[in-house]
Amino acid sequence: MANQQFDFGLIGLGVMGRNLLLNMADHGFAVIGYNRSPQKVKELEEEMVEGTTIKGTSDLKVLVDSLKIPRRITLLVQAGKPVDDVLQELIPLLDKGDIVIDGGNSHYTDTLRRVQYMQEKGFHYMGMGVSGGEEGARRGPSIMPGGDPEAYQHVKPMLEAVSAKVNGEPCVAHLGKGAAGHYVKMVHNGIEYGIMQLISEVYDVLHRGYGLTNDELHEVFKQWNEGELQSFLVEITRDIFLKNDDKTGKRLVDVILDKAGSKGTGKWTSQDAMDLGISIPTIDIAVSMRNLSALKQERVNAAAVYPSAIKITGVSKEEIIQEAREALFFGTMISYAQGLALLFVASKEYNMDIPLPRVVKIWRGGCIIRSTLLEIFYQAYTGNPELPNILLDSHIAALLKSKTANTRKFITTAIQVGIPASALAASLGYFDAYRSAVMPTNLIQAQRDFFGAHTYQRVDEEGIFHSNWQ
Ligand code: NAP
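As the structure is a computational prediction, the values presented were derived from the model and not from experiment.

**Examining the pattern of salt bridges**
Scanning all chains against the criterion turns up 29 salt bridges. Of the charged contacts in the structure, one is a salt bridge between Asp7 and Lys68, with a shortest N-O distance of 2.6 Å. Linking Asp7 in the segment before β1 (8-11) with Lys68 in the loop between α3 (60-65) and β4 (72-75), this pair joins segments that are 61 residues apart in sequence. For Asp432, the salt bridge goes to Arg408, with nearest N and O atoms at 2.9 Å. Highlighted residues: Asp432 in helix α19 (residues 422-434) and Arg408 in helix α18 (residues 394-417), separated in sequence by 24 residues. Arg408 gets classed as partly exposed once you look at its relative accessible area, which sits at 32%. One connected set of salt bridges, linked through shared partners, spans Asp84, Asp102, Asp110, Arg113 and Arg114.

**Observations regarding empty space enclosed by the protein**
Applying the stated criterion across every chain yields a total of two cavities of 30 Å³ or more. In this model, the largest cavity occupies a volume close to 100 Å³. Around the largest cavity, the lining comprises 17 residues; the ones closest to its centre are Ile195, Leu229, Ser231, Thr332 and Ser371. Every element with two or more residues in the lining of the largest cavity is listed here: α8 (180-209), α10 (232-240) and α15 (317-349).

**A look at the domain arrangement of the protein**
The assigned domain composition of the protein is domain 1 (8-174), domain 2 (185-434) and domain 3 (440-470). The centre of domain 1, based on its C-alpha atoms, is set 31 Å off from the matching centre of domain 2. Each side of the interface is counted separately: domain 1 has 23 residues, and domain 2 has 18 residues. Summed over both partners, the interface of domain 1 with domain 2 buries about 1,500 Å², with 61% contributed by carbon and sulfur atoms. Looking at the side of domain 1 facing domain 2, the largest losses of area belong to Asn105, Tyr108 and Met144, adding up to 31% of the total buried there. At the junction of domain 1 and domain 2, the tally comes to two salt bridges. Among the ionic pairs, Glu169 bridges to Arg364, the shortest N-O distance being 3.7 Å. Seen at the junction of domain 1 and domain 2, the total is nine residue pairs in polar contact (both at pLDDT 80 or more). Sorting the residues of the side of domain 1 that touches domain 2 by element identifies β6 (124-131), β7 (142-147) and β9 (169-170) as the ones contributing at least two each. Of the residues assigned to the side of domain 1 that touches domain 2, the class counts are 11 nonpolar, 11 polar and one charged.

About the cut-offs
Residues numbered from 1 in each chain as written. Predicted model: local features only at pLDDT ≥ 70, side-chain atom pairs only at ≥ 80, totals over all residues. Heavy atoms only, no water. Salt bridge = Lys/Arg side-chain N within 4 Å of Asp/Glu carboxyl O. Helix = DSSP H or I, 4+ residues; strand = E, 2+ residues; numbered from the N terminus. Buried < 20%, exposed > 50% of the residue type's maximum accessible area, 1.4 Å probe, protein only. 1 Å grid on protein atoms, 1.4 Å probe; cavity = no way out; pocket = protein on both sides within 12 Å on 5 of 7 lines; lining within 4 Å. Points joined across faces, edges and corners; volume = space filled by probe spheres on them. Domains from an automatic or database assignment. Contact = heavy atoms within 4.5 Å. Buried area = accessible area lost by both parts, 1.4 Å probe. Polar contact = N/O pair within 3.5 Å; in protein donor to acceptor, adjacent residues only side chain to side chain. Nonpolar A, V, L, I, M, F, W, Y, C, P; charged D, E, K, R; others polar.

Have a look at this one:
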């Protein structure tokens, strides 16, 4: 192919980059991919589908010189310094008006800094979240671009082509100003942390507490996935229980060490929510539990100090499965509610203009947190785009109310036998506090005024007051 003939360029041919590039090629775009180490270039070319136009290179100048003007280049490298390193190499090769898109999980503040830096140099720069993992990138992810609206128009047809589709509609939309794309992706991941923790707690109660086998758990999750809990995460959990380990012949899930890793997006969600003063305890606890899981040896030592039987009795299998299903539904709703409430505030505080109806619409397909619930949220936001919290929607309220009794029972059972159900309990606690017209925070205000003269307001009179407590 002659120079300047390729439609799109991609830097970083790892798991996400290689698959997204192959996906672009499937849709008729001529694409070129760069990787600094040649092995991944070779792998890309080996995977090339006949009849598509793909080239790989480990020479950045070749990539830049091969692209149509304005150049449209997506980065899919690790977040942090690698993005800045790639930009420093790329900038001298670019012309004004070229478009660079960071499709990795960059922190939104890094993206804001880079948007300004690249704009000053005459380039367009966008932050874009991509969700769906390896398979999503290859067959259709949910894509969350934000920032530069002019640049978006240059990539919109390609993004719509490669994205997942729900009812024929693409799971991609422009999600607001500045670093909105990366902010939305960060919160998406926070919600994902919450739901994964909730599923693991339900698994713990049913498996360790009630003794359900992997085959039984497979059946339970299979049934759940055919009803109101239908979602990508429930679906893959269903399949996980059946997977055998090649080395031992046991079920693979039983030989996986109970230490959870993380790449930071859940922690960032919690940190930013704290900065904004927004309560997202289900997500906070999910991050904390991964941290606690890392202390394997300490936990083993503590288990010897505080032994416990952890055996659930006095409830039938059908009952506990029903309670588990409703508790998971309840907690999942709350995890979404917290993430969306954070987006509602952050959008205003950071002047991002994030359109929440569009966010939940594009999360319906392709992404890790896709579920039938998103359709319900989409209806709620379509009715009221300024809904501060989905818990205030009447249809959602009716659904939650129908699950609270069994959620309470399930959490009580876990607490009684000593199985940690912290995300479930945090979800219920959040719900109970959010629906409390009166909270005990009057006492906290009294204490603050007692020891620190921090003042308080009164229920019966306007103004700021201080009392002499001693
Ligand atoms: P990956 O498989 O580890 O690939 C990372 C790529 O970045 C490699 O091609 C690597 O090149 C390149 N790279 C790293 N540092 C570089 C540097 N300084 N200069 C040039 N190239 C550099 O990662 P991935 O899973 O595809 O993830 C890429 C991005 O997408 C990350 O931000 C990740 O958080 C995000 N993401 C991942 C997923 C997922 O499910 N994996 C989902 C959504 C978003 P070498 O081969 O030369 O090392």
